[in-house]
Structure formats: C-alpha cells, structure tokens
Amino acid sequence: MDVTEAMARALTLAAAGLGSTSPNPCVGAIVLDAGGALVGEGRTEPPGGRHAEIVALACAGDAARGGTIVSTLEPCNGTGRTGPCSAALLAAGVRRAVYALPDPLPRFAGGGAYLAAAGVQVQADLGAPAARALHRPWLTAATRGRPYATLKLAATLDGRAAAADGSSQWITGPAARADAHALRGRVDAILVGSGTVLADNPALTVRGTAEPRRPLRVVLDRRGRVPATALALDGQAPSLTTSAGPDELTAELFTRGIRHLLIEGGPTVAGAFLAAGLVDELVVYLAPALLGAGPAALMTAAFPSIGDAVRWQFTDITQVSPDLRLTARPLEG
C-alpha cells in the first residue's frame, strides 16, 4: 500500500468516528511496515482515550519499527490527557511520518519538527484538501474558540417551514430524515428553541446510525416556558436548558467540549444565530412541494435590504429522493 492509499484509508477511519471524540479531533492513522504493508490502523478514541497514532502503533506492534505512520493530522507534541504521540512514534522506531494538516494549537503543534529533528523522514500536506474538509468543524472551533455551527433547515420550494395550520410533519421524505439523523450523528450538540419543544416535543436523538451517538440536547428558552425536566428525565441523551444569548451560549458550549453544534430550529432561533454571525454552514433539505402560506423557514429582521444580504456559496447539492440537500458556507471575500 502506498502512502496515498493509506491516507485515503485514514480519512475513512476518521470520518466514521466524527461526533465521538470532542474536544479532540477525530484523527485516523495507518502504520505501514518497512515493506509498505498495512500492519496497524486506528482512530482517536473518546475523550480520555488513546489518540489515533497510539491505537495504530498498538495494532502494529514490533512491525512498526522501520515503517511509516500516515495520519490525517500532525502527531501531537504536547501532553494533555495522554502523552505526546510524537515521542511514542519515535520510541516505536518509525522512520517516516506522513500527515495531511498541521496541528493549529500551539500547545500540541510541532510534532513534525520534533520527528524531523530526530532523523525521521517527514512529509506534510498529503491529502490536505480532503483532510481540511473532514476536520473543518474542529479546526474552526479550535481557532475561533466557539463551536462550528451548522444550521439545518427543512422547507418547501416556496420557503415554508410549516403549513398555515402549523402542521410540519413531514415536509421532507423518509430518506431526507434518515440523512438528517446521519448528520446528527456527526455533531456534539443539537440546539432547538422553546417553541420547537412545545410544539413538537422532539426527542433530539440519533437514530438509524451504525454506531450509537448521544449528542448534547440544548434548548434555548429565554422566557422560561419549557420545564427544566422536559428532556432530562428520558435518559436518552444529556440535556441543557438555557436562557443565554447566542454568543454567551456558544462560549459556554465550547467550555463543555462542544466543537460542532447543529442548530435545528425553529425559524426564530435560526434567525438569531444568523444575525449574530455564528453560522458556519447551512444544510437545507428542500422538498418539491408548495404551500403558498405558513411560517417561513427563516424569521429575522436583520437583513432589511437586498444589499444587506449575507451571500453564501454552495459546496454540495445532492438529491435525497425525492428531496434536495443543499449545503453552503458563507461566501468569502
């Protein structure tokens, strides 16, 4: 196996663990022996567990000596809950280290330089675009000090989030709802407003995914309308009810280890986070239906003129039969 194939495998391993490792990034790592055969692989374990490189080294055993480590992020060079991966790689006798992205945290960065100074052959930036896309939520959170926020909306072709009588189940079809659960499985927290809880009593849990996930359920309740025990007693996932504003709330969630936040509703909450400039990504499920009346998918007075509109760029358009999933990020520049 060459290092390009190994990096592709490492990215696949990392993707399968998204939503399970915060506040750490979910890294994938591969160990190739001196002849290029795959002898070890792993991904970051849940908080307090081993980093991907350590898992892969344990899998490889003595076969790692003289071999190559391939990882989606630079091996860490600092001590947190675990020791530095750079020192463990050196002790294992690895002769080559290949990684996609540098670690952005000064406390843990420098693993590549440490290994190079010890005589290990180091190659950076292999598979960097794919790794950057995979690790974007964690990288954004690490550099901005707040969770990466994905705003999920479901709407009809004419932008309605519900019918005139208030009914909204279901705007989209089963395939789109299953796709949304997969999205829930990749995040650390799911946020809704009090209106959504009172109207729909959502479980805010992850269903139908290969591995169990229990993201924090957050209810934004500024008027104290939702009982504190609304979600706390069902035992399906941890819950937080708060009256904090968006900026205060995102800061609190970051201190709790939340690195990827999914905002699910409703239109007022969505508008508040957009107005505060706290949305990093839009995921819109668009149903091929028309209602003509009913609540809009987004309610805010922050952009009164067309000149004030926040412009977005599509990064993905996928048909999720019979609906469309549109993914966009703010237009840069």
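The rules behind these values
Residues numbered from 1 in each chain as written. Predicted model: local features only at pLDDT ≥ 70, side-chain atom pairs only at ≥ 80, totals over all residues. Heavy atoms only, no water. Phe/Tyr/Trp six-rings, centres within 6.5 Å; stacked < 30°, edge-to-face > 60°. Lys NZ or Arg CZ within 6 Å of the ring centre and 35° of its normal. Salt bridge = Lys/Arg side-chain N within 4 Å of Asp/Glu carboxyl O. Helix = DSSP H or I, 4+ residues; strand = E, 2+ residues; numbered from the N terminus. Buried < 20%, exposed > 50% of the residue type's maximum accessible area, 1.4 Å probe, protein only. Axes fitted to C-alpha atoms, helices over the stretch in contact; angles between N-to-C directions. Parallel < 35°, antiparallel > 145°, perpendicular 65-115°, else oblique. Contact = heavy atoms within 4.5 Å. Nonpolar A, V, L, I, M, F, W, Y, C, P; charged D, E, K, R; others polar. Pairing = 2+ DSSP bridges. Core = buried A, V, L, I, M, F, W, Y, C linked by side-chain atoms within 4.5 Å. Polar contact = N/O pair within 3.5 Å; in protein donor to acceptor, adjacent residues only side chain to side chain.

Draft legend 1. Main features of the packing of aromatic side chains. Tallied over the full model, the rule gives zero aromatic pairs. Directly above the ring of Phe254 sits Arg259, whose terminal nitrogen or CZ lies 3.8 Å from the centroid.

Draft legend 2. Focus on the pattern of salt bridges. One pass over the full model with this rule turns up nine salt bridges. Between Lys152 and Glu264 there is a salt bridge; the shortest N-O distance is 3.7 Å. With Lys152 in strand S6 (residues 148-156) and Glu264 in strand S10 (residues 260-265), this pair connects stretches of sequence that are 112 residues apart. With a closest N to O distance of 3.2 Å, Asp316 and Arg325 form a salt bridge. Given a relative accessible area of 28%, Asp316 falls into the partly exposed group.

Draft legend 3. Spotlight on the packing of helix H1 (residues 3-16) against helix H5 (residues 128-144). Contact geometry for H1 and H5: axes closest at 11 Å, N-to-C directions at 5°. In terms of axis orientation, H1 runs roughly parallel to H5. Residues Leu11, Ala14 and Ala15 of H1 pack against Ala130, Ala131 and Leu134 of H5. The residue inventory of the contact of H1 with H5, partitioned by class, reads six nonpolar, no polar and no charged.

Draft legend 4. Local environment of unusual backbone geometry. In this structure, the amide linkage connecting Ser22 to the following residue, Pro23, adopts the cis form with an omega of 15°. Secondary-structure assignment places Pro23 in the loop between H1 and strand S1 (28-32). Here Ser321 and Pro322 are connected by a cis peptide whose omega angle stands at -5°. Mapping Pro322 onto the fold places it in the loop between strand S12 (312-320) and strand S13 (323-330). The phi dihedral of Asp125 is positive, around 75°, even though this residue is not glycine. Structurally, Asp125 can be placed in the loop between strand S5 (121-123) and H5. Of note in this structure, Leu204 is not a glycine but carries a positive phi near 55°. Following the sequence through the fold, Leu204 ends up in the loop between helix H7 (194-200) and strand S8 (216-220).

Draft legend 5. Expanded view of the pairing of strand S9 (residues 239-242). Side chains Leu240 and Thr242 project from S9 onto a buried face, and the interleaved Ser239 and Thr241 project onto a face without burial. Sheet topology note: the S8/S9 ladder contains four bridges and is parallel. Counterpart to Val218 in the pairing with S9 is Leu240.

Draft legend 6. Here's a closer look at helix H2 (residues 52-60). When we look at burial in H2, the residues that qualify are Ala52, Glu53, Val55, Ala56, Leu57 and Ala60. On its buried face, H2 sits against S1, strand S2 (38-43), strand S3 (68-73) and helix H3 (85-91). Downstream of H2 by one or two residues, Gly61 has phi in the positive range, about 60°.

Draft legend 7. Expanded view of the nonpolar core. Counting residues in each nonpolar core, the largest one holds 37 residues, and the members touching the most others are Ile30, Val31, Leu57, Ile69, Val70 and Leu101. Elements that contribute at least two residues to this core include exactly H1, S1, H2, S3, strand S4 (96-101) and H5. No other element matches the seven residues that H1 contributes to this core. The contact partners of Ile69, leaving out residues within four places of it in the chain, are Ala29, Ile30, Val31, Glu53, Leu89, Val94, Arg96, Ala97 and Val98. Ala149, Leu274, Leu282 and Val284 belong to the second-largest nonpolar core, a separate cluster that totals 28 residues.

Draft legend 8. Highlighting the side chain of Thr72. In this fold, Thr72 is placed in strand S3. On the basis of relative accessibility, which here comes to 0%, the residue Thr72 falls in the buried class. In terms of polar contacts, Thr72 uses its side chain to reach the side chain of His135, at 3.0 Å. For Thr72, the residues in contact, after removing those within four places along its chain, are Met7, Ala10, Leu11, Ala14, Val27, Gly28, Ala100, Leu101, Ala131 and His135.

Draft legend 9. Here's a closer look at the sheet that holds strand S7 (residues 189-193). In space, the eight strands of this open sheet follow the order S9-S8-S7-S10-S6-S11-S13-S12, with mixed pairing throughout. Strands at the two margins of the open sheet, each flanked by one partner only, are S9 and S12. Averaged over all adjacent pairs, the angle separating strand axes in this sheet is 20°, with direction ignored. Looking at chain direction, S6 and S10 are connected through four bridges and run parallel. Considered in S10, the bridge of Ala149 is made with Leu261. Contacts between H5 and the sheet are confined to S6, S10 and S13, with S6 contributing the most and set at about 130° to the helix.

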